[in-house]
Every structure is written in C-alpha cells, then in structure tokens.
Amino acid sequence: MAAVCDRVLLVVAGRVVELPAEFPAGLPTPVAQRAQQEAAPAAATQKPAATPDVAPAAAVLAPVASGEIPETSDIVATDAEVFDHIDRPDESVAQAARDRQLTLTKPAGSLGRLEDLSVWIAACQGVCPPRSIEQANVVVFAGDHGVAQAGVSAYPPEVTAQMVANIASGGAAVNVLARQSGATVHVVDMSVDADTAPEVSRYKVRRSSGDLRVTDALTIAEARKAIAAGRAIVDDLVDSGADLLIAGEMGIGNTTPAAIFVGTLTRHEPVEVVGRGTGIDDSGWMRKTAAIRDGMRRGRRYIHDPLALVAAVGGADIAAMAGFLAQAAVRRTPVILDGVVVTAAALVAAELAPGAVSWWVAGHRSVEPAHTFALEHLDLEPILDLRMRLGEGSGALMALPVVSSSVEILRGMSTFDEAGISDSDSSAALTTSDAGV
C-alpha cells in the first residue's frame, strides 16, 4: 500500500508510524510504479535523502555555556511525541502563598493580578516565599514556510535568515527587551531556507517546509525530530539552571500555519482567524485567507492526532515549540507565552501533554484575531495588551518584569506583624470591643 499511495500512516496503540514509500527490495514493482519509472528513469535516481531519527528527547545533555545549546547528535526522536504525566503546580504551596498575601502590609487583593502571578510562581517552584527569577531564557525558533511563496506576507522569505543573523548578533527587538529584563536569548534554526551559522543550525530539520496548501509541511519523522529538539533544549536549559522559559519565533509566513492550527483546534472559520501578520494589504489578506482555508481543509482530518496535524500543516519551528512548551511542564518550569504563533504551538502542546497549560501564563494579547481564540481555548488571561504583533518573544519579555515584580512583592514586602501595623482583623476587633459586644 505504501508503495502506491502518497502517504500511509499506521496507528498502533496511539503511536503514529509512517510507512516507507520505497517498495521492499526483491518484490515485484507495482504496475503503476513501473510505468512511472519507465516514463521518467532519471527522476527515479533522484531519491530524497532519508531523514534519520535523532536521539531520545529525554537524553541527559552535558551542560554548556550560557547562550549555547548542545549538538543534535545527542538527541533521539523515537516516540518524541509521547510525554510523561503532567503534575499541576503545588496547590498546598499556592494556598500558603495566598495566605501570606493576606498578611502583607496592604489591603487584601489590592495588587490584583500581581498577587495571582506570585501565587502561580510559588506553586511552580514548590516553595513560599518563591525564589527570585534569576535565569529567564528566551529561545527563538526560526523557520521558513513553503506557503510564503503564495504571497501571504508583506516580506520576502529571505528576511527570515537575515533576521536570524540579526538576533544572533544582538540587534533585534527581542535582544533589547531581554537586556532590559535580564534574560538570555538563544536563536535556533529549525527550518530556515538558507545556510546559517553552525551554532544556530545544530538542530536544523530541513530547509523550509512543504507548501501546506497542497502537500504536507513535514514528514512524520521530521515532526518527531523537531519535537525532540524542543524537548532537548528545555532539558539542557533547566539542567543549566533556567528558572523561567519563553519561546519566541521568527519566520516569514508563520502566522498562516498558526491561524490554521487555531482555526482547526478551536473550530473557527478561516475568515475569523486570518490576520494582517506583517502588514499585508487587502489582496494579500485574500491570498492568506485562501491559504488558511486550504490548510484547514487538509488539517481537519488530523484534529485528534497532534503529531500528524503538525506534520501536515505546521513546520519544524512550530513542532519544536510544541515540544519545548510541553517539556517545560514535564520539567516543572514556568513559561510565559508570547503571541499568536507561540500560542498556536501551545494548542498543539496541550494536545500532546494534557495539563501542561497549568505551567504557562499568557504574556500578552496580540492584535492577531486568532490569538484571542487560542487564549480563550486555553483559558488563559493575558497579562498585557499593548497592540503588539511583532513576535520573537517580545510580548512575553514585556510581561517578564511584571511577573518578576510579583515575586519580589511576595518575597520582600513586610507583614503586618513585622512592621508593627494593625491589620483589618485588629481594626474589626477594636470596633467590636468599643461597641460593647
């Protein structure tokens, strides 16, 4: 069957296996395949290079210097989409943090969302008061998308590689914002359609992706390899001391697959999820809407199979982000989500690793309409709404100082007893006594 079909997927006990297209040696060649070989003998000799599986995603990697990520050869992709059970952040610690908030020298609840964020970080860390956030790390996943050739972006595809070099040299918005908040930036080429520096491309799965309107973006093996890379990056960073993670992205055309994921998984129509992305005009908007429609038509059959879905209409960058976000939850490390592309990857990660969403907070709300649908689906309330649509992790980095400040409030603010200040309970007791009750 695999020899005469475009693609055959075998599902065994929940695991997806892609059957090889090559016909087994020693067996007669099917008539259709023989006819094709006789009609185009030259084409038959140009077989695409096989994509080797890489090492287990859970492999322990040697610590590396800040800003560096280990070699791809240290990772295996077998069953990369299978995640351990996700435990929620510690509820007993969360309650201790809520109780401590009530003792601080302020009216209860007067710091609003800051109090909620501090409780969340304490629960993630498993300690109250929580530790200061000192090693926040941002990983920018870069990749090109075949659908960009359809004119769905205001910029040409070669801008992806140019921006990767800009990020690597420290000149992008993500670098500036990271310096302001004390975070470390890493950029990883997952599928840029160009040669990039070796320290950036060590996890590269392929150049660009298939045009999702008419063909699969990735093979199943490539999707697994990308997920494994995202998982390995988390393991390395957490083992090296990272205490908060942010995923960013860079890729011309990447809001198109992001909108397809959102539309497919939240059941919204193409015209509802399409956005202006990099600033496309009305003609570009129509082309993008048509591409999203075609991608959703191809993706709907995989709505209950996140691995096959990301292979069909995603890309190596999005698959790697999904693995990154899910593995962060496995490693009990809090994540600040960025904009629509990262949150689309989070939708996939939530399908791969149920419960992972409890380890994430939404940094901001993008102006992309699909972002609101994705946040609602994940039941996440954004910290900021600054009408941003840049990507790169910029919105999450804007929220990082807010999260860090919430932690410092819970850590460093005096209690009523420590400051010798009467609290509301004391006032209530005094009032009752004066009344003679």
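The residue numbering used here restarts from 1 in each chain and proceeds along that chain's sequence as written. For a predicted model such as this one, the threshold for reporting local features is a pLDDT of at least 70, and the threshold for listing and counting side-chain atom pairs is 80 or more; totals across whole chains, interfaces and linings nevertheless cover every residue. No hydrogens and no water enter the side-chain calculation; it runs on all heavy atoms of the structure.

As recorded in an unreviewed UniProt entry, the protein chain goes by the name Nicotinate-nucleotide--dimethylbenzimidazole phosphoribosyltransferase, listed as coming from Gordonia sputi NBRC 100414. UniProt positions are given in the numbering used here, feature names are shortened, and annotations may be inferred rather than shown by experiment. Quoted straight from UniProt, the Catalytic activity (unreviewed entry) entry for the protein chain says "5,6-dimethylbenzimidazole + nicotinate beta-D-ribonucleotide = alpha-ribazole 5'-phosphate + nicotinate + H(+)". The UniProt entry for the protein chain carries the following comment under Function (unreviewed entry): "Catalyzes the synthesis of alpha-ribazole-5'-phosphate from nicotinate mononucleotide (NAMN) and 5,6-dimethylbenzimidazole (DMB)."

A. Representation of the sheet that holds strand E6 (residues 335–337). Here we have five strands laid out as an open sheet, ordered E4-E3-E5-E6-E7, and parallel in their pairing. Two strands lie at the open edges of the sheet, namely strand E4 (184–191) and strand E7 (360–362), each paired on one side alone. Averaged over all pairs of adjacent strands, the angle between strand axes in this sheet comes to 25 degrees, irrespective of strand direction. Only heavy atoms matter for contacts: two residues are in contact if any of them lie within 4.5 Å across the pair. A fitted line through C-alpha atoms serves as each axis, taken over the contacting stretch for helices, and the angle formed by two N-to-C directions is quoted from 0 to 180°. Secondary structure follows DSSP: runs of H or I at least 4 residues long count as helices, runs of E at least 2 residues long count as strands, and numbering of each begins at the N terminus. Along the sheet, helix H5 (residues 159–168) contacts strand E3 (136–143), E4 and strand E5 (244–250); its crossing angle with E4, the most-contacted strand, is approximately 155 degrees. We call two strands paired when DSSP finds no fewer than two bridges between them.

B. Region of the structure containing the nonpolar core. Counting 122 residues, the largest nonpolar core has Met 190, Phe 324, Leu 325 and Trp 360 as the members making the most contacts within it. Excluding anything up to four places from it in sequence, Leu 325 contacts Ala 247, Val 335, Leu 337, Val 342, Ala 345, Ala 346, Ala 349 and Trp 360. Grouped together as the second largest cluster of nonpolar side chains are nine residues, Ala 97, Ala 122, Leu 410 and Met 413 included. In this description, a nonpolar core means a group of buried Ala, Val, Leu, Ile, Met, Phe, Trp, Tyr and Cys residues linked to one another through side-chain atoms lying within 4.5 Å. In this scheme, a residue with accessible area under 20% of its type's maximum is buried, one over 50% is exposed, and one in between is partly exposed, where area comes from a 1.4 Å probe on protein chains only.

C. The packing of helix H6 (residues 173–181) against helix H16 (residues 394–412), seen in detail. Viewed as axis vectors pointing N to C, H6 and H16 meet at an angle of 10 degrees, and their least axial separation amounts to 9 Å. On the basis of their axis angle, the class for H6 and H16 is roughly parallel. Facing H6, whose interface residues are Val 174, Leu 177, Ala 178 and Ser 181, H16 presents Ser 394, Leu 397, Met 398, Leu 400 and Pro 401. All residues other than Ala, Val, Leu, Ile, Met, Phe, Trp, Tyr, Cys, Pro, Asp, Glu, Lys and Arg, Gly among them, are scored as polar; the first ten of these are nonpolar and the last four charged. Among the residues making up the contact of H6 with H16, the classes are represented as seven nonpolar, two polar and no charged. Roughly parallel refers to an angle under 35 degrees, roughly antiparallel to one over 145, roughly perpendicular to one between 65 and 115, and oblique to any angle outside these ranges.

D. Focus on unusual backbone geometry. Here Cys 128 and Pro 129 are connected by a cis peptide whose omega angle stands at 0 degrees. As for its position among the elements, Pro 129 is in the loop between helix H4 (113–125) and E3. Although it is not a glycine, Ser 208 adopts a positive phi angle of roughly 55 degrees. Residue position: Ser 208 is located in the loop between helix H7 (198–201) and helix H8 (220–239). Taking the relative accessible area as the measure of exposure, Ser 208 reaches 10% and is therefore buried. With a phi angle near 70 degrees, Glu 392 is a residue other than glycine that sits in the positive phi range. The class for Glu 392 is buried, based on a relative accessible area of 2%.

E. Inspection of the pattern of salt bridges at higher detail. The salt bridge definition used is simple: a Lys or Arg side-chain nitrogen within 4 Å of an Asp or Glu carboxyl oxygen. By the definition in use, this model includes 16 salt bridges. The residue Arg 276 makes a salt bridge to Asp 282 at a minimum N-O spacing of 3.0 Å. The partly exposed category is assigned to Arg 276, whose relative accessible area is 36%. Through salt bridges with shared partners, a single ionic network connects Asp 193, Asp 195 and Arg 207.

F. Structural detail: H8. Multiplying 1.5 Å by the helix residue count minus one yields the expected span of that helix. Compared with the 28 Å implied by 1.5 Å per residue over 20 residues, the 28 Å span of H8 between its first and last C-alpha is a close match. Of all 20 residues that make up H8, 18 are buried, and the element is covered over most of its length. Remark: Gly 241 follows H8 within two positions and exhibits a positive phi of approximately 110 degrees.

G. Structural detail: the pairing of E5. E5 sits mainly inside the fold: seven of its seven residues count as buried. Judged by which residues are buried, E5 turns out to be covered on both faces: Leu 244, Ile 246, Gly 248 and Met 250 on one side and Leu 245, Ala 247 and Glu 249 on the other are all buried. Sheet analysis places E3 next to E5, joined by seven bridges and oriented parallel. Bridging from a neighbouring strand, Val 140 pairs with Gly 248 of E5. Bridge count for E5 against E6 is two bridges, and the pairing is parallel. In the sheet register, Leu 245 faces E6, and the bridge partner there is Val 335.

H. Representation of the confidence of the model for the protein chain in the model. Known as pLDDT, the predictor's per-residue confidence is scaled from 0 to 100. With 80% of its residues at a pLDDT of 70 or more, the protein chain has an overall mean of 86. With pLDDT under 50 throughout, residues 23–67 is counted as low confidence; its partners more than four residues away or in other chains account for 55 contacts. Throughout residues 429–433 the model reports pLDDT below 50, and contacts reaching past four residues in sequence, or to other chains, amount to one contact.

I. Focus on the environment of Ala 154. Summarising the element assignment, Ala 154 is placed in the loop between E3 and H5. Note: C-alpha distance between Ala 154 and Thr 278 (124 residues apart in sequence) is 5.7 Å. Residues in contact with Ala 154, not counting those within four places in the same chain, are Thr 278, Gly 279 and Ile 280.

J. Quick peek at the packing of aromatic side chains. Note on aromatic pairs: the rings of Phe, Tyr and Trp (six-membered ring only in Trp) are paired at centre separations within 6.5 Å, and the planes decide the class, stacked below 30 degrees, edge-to-face beyond 60, tilted for the rest. Going through the model one piece at a time under the given rule, you end up with one aromatic pair. With 5.3 Å between their ring centres and 75 degrees between their planes, Phe 141 and Phe 324 make a pair best called edge-to-face. Within this pair, whereas Phe 141 is found in strand E3, its partner Phe 324 is found in helix H13 (residues 316–330), the two being separated by 183 residues in sequence. The exposure class assigned to Phe 141 is buried, which follows from its relative accessible area of 0%. Only Lys NZ and Arg CZ are tested; either one counts as a charge over a ring when it is within 6 Å of the ring centre and within 35 degrees of the ring normal. Just above the ring of Phe 83 sits the side chain of Arg 231; from NZ or CZ to the centre is 3.9 Å.

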